[in-house]
Amino acid sequence: LKSQGELSKMIAKAERQVAAAPKSMKLMEALAELYDANGDMEKMIAVVQRMAKTRPKDGRLHYRIANSYFQRGRFKLGIKHLPVVWKYSPEVLLQNSYSVGRYYQQAGQLATLAKHLKSLQGKSVLQRYGYQLSSFVSNLQNNRGSKEDVIKLYEVAVDVIPPAMK
């Protein structure tokens with residue numbers, strides 16, 4: 001599409017559509033994907049940040065945004081969107097705990113992950129997703145983070161797993 005000049009036309013059309021419907025998540029997502037396909041990361045990031053500002057408490061949206069950064073190897077940028085997910089939709093992260101752990105490790109942020117896990121202690125979400133957290137703990141041995149961070153993360157994770165699931 002890019003070599004045939006079609007991508008530029010599609011981007012122009014998507015920009016007009018977003019201008020006409022500035023709160024449409026689907027249109028903004030489509031525009032971000034087009035910018036990405038065109039190799040224009042700065043514009044893609046601007047659209048993604050606009051999406052996040054439009055729905056600041058939508059944990060699932062922030063997870064999708066973070067995941068788009070993770071897929072591009074931009075782990076630190078993705079991690080910046082996860083506090084909203086931990087607060088409003090932690091089940092999404094627990095369902096994907098193996099990948100999420102790898103992303104934090106790639107970003108060098110295992111201590112941050114430990115802090116977020118600790119914030120879940122005593123919450124009902126752990127009753128539903130305790131198995132995923134247990135699985136996450138068992139995979140920590142494969143983690144290549146600093147030994148101290150891995151040990152701290154392990155201690156926190158074991159501490160927050162509901163007693164009935166230990």
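What you see is a predicted model, and the numbers here were worked out from it, not measured in a lab. (Residues numbered from 1 in each chain as written. Predicted model: local features only at pLDDT ≥ 70, side-chain atom pairs only at ≥ 80, totals over all residues. Heavy atoms only, no water.)

Things to note about the overall build of the chain
Now for step 1: Of the regular secondary structure elements, the chain holds eleven helices and zero strands.
Now for step 2: Shown N-terminal to C-terminal, the secondary structure of the chain runs as helices and strands in the order α-α-α-α-α-α-α-α-α-α-α.
Now for step 3: Expressed along its principal axes, the backbone C-alpha trace of the chain runs to roughly 55 × 30 × 20 Å.
Now for step 4: Sorting the 166 residues of the chain into buried and exposed places 42% on the buried side.
Now for step 5: Considering only residue pairs separated by 6 or more positions, the chain has 58% of its internal contacts joining residues 24 or more positions apart.
Now for step 6: Accessible surface, the chain: about 9400 Å² in total, of which carbon and sulfur atoms supply 50%.
Now for step 7: Averaging the locations of the 27 positively and 13 negatively charged side chains of the chain gives two centres separated by 4 Å. (Helix = DSSP H or I, 4+ residues; strand = E, 2+ residues; numbered from the N terminus. Buried < 20%, exposed > 50% of the residue type's maximum accessible area, 1.4 Å probe, protein only. Contact = heavy atoms within 4.5 Å. Areas by Shrake-Rupley, 256 points an atom, 1.4 Å probe, with all protein chains shown as cover. Lys, Arg positive; Asp, Glu negative; His and termini not counted. Charge placed at Lys NZ, Arg CZ, Asp CG, Glu CD.)

As for empty space enclosed by the protein
Now for step 1: Tallied over the entire structure, the rule returns one cavity of 30 Å³ or more.
Now for step 2: Approximately 50 Å³ is the volume attributed to the largest cavity.
Now for step 3: When contributions to the lining of the largest cavity are tallied by element, the ones reaching two or more residues are helix H7 (90-95), helix H8 (97-106), helix H9 (110-118) and helix H10 (125-139).
Now for step 4: With three residues, H8 is the largest single contributor of residues to the lining of the largest cavity.
Now for step 5: Per-class residue counts for the lining of the largest cavity are eight nonpolar, two polar and no charged. (1 Å grid on protein atoms, 1.4 Å probe; cavity = no way out; pocket = protein on both sides within 12 Å on 5 of 7 lines; lining within 4 Å. Points joined across faces, edges and corners; volume = space filled by probe spheres on them. Nonpolar A, V, L, I, M, F, W, Y, C, P; charged D, E, K, R; others polar.)

Re the side chain of His 62
Now for step 1: Tracing the backbone through its elements, the reader meets His 62 in helix H4 (residues 59-71).
Now for step 2: Residue classification places His 62 among the buried residues on the basis of a relative accessible area of 5%.
Now for step 3: A polar contact of 3.4 Å, which involves the side chain of His 62, links it to the backbone oxygen of Arg 55.
Now for step 4: Setting aside its immediate chain neighbours within four residues, His 62 contacts Ala 52, Arg 55, Pro 56, His 81, Val 84 and Val 85. (Polar contact = N/O pair within 3.5 Å; in protein donor to acceptor, adjacent residues only side chain to side chain.)

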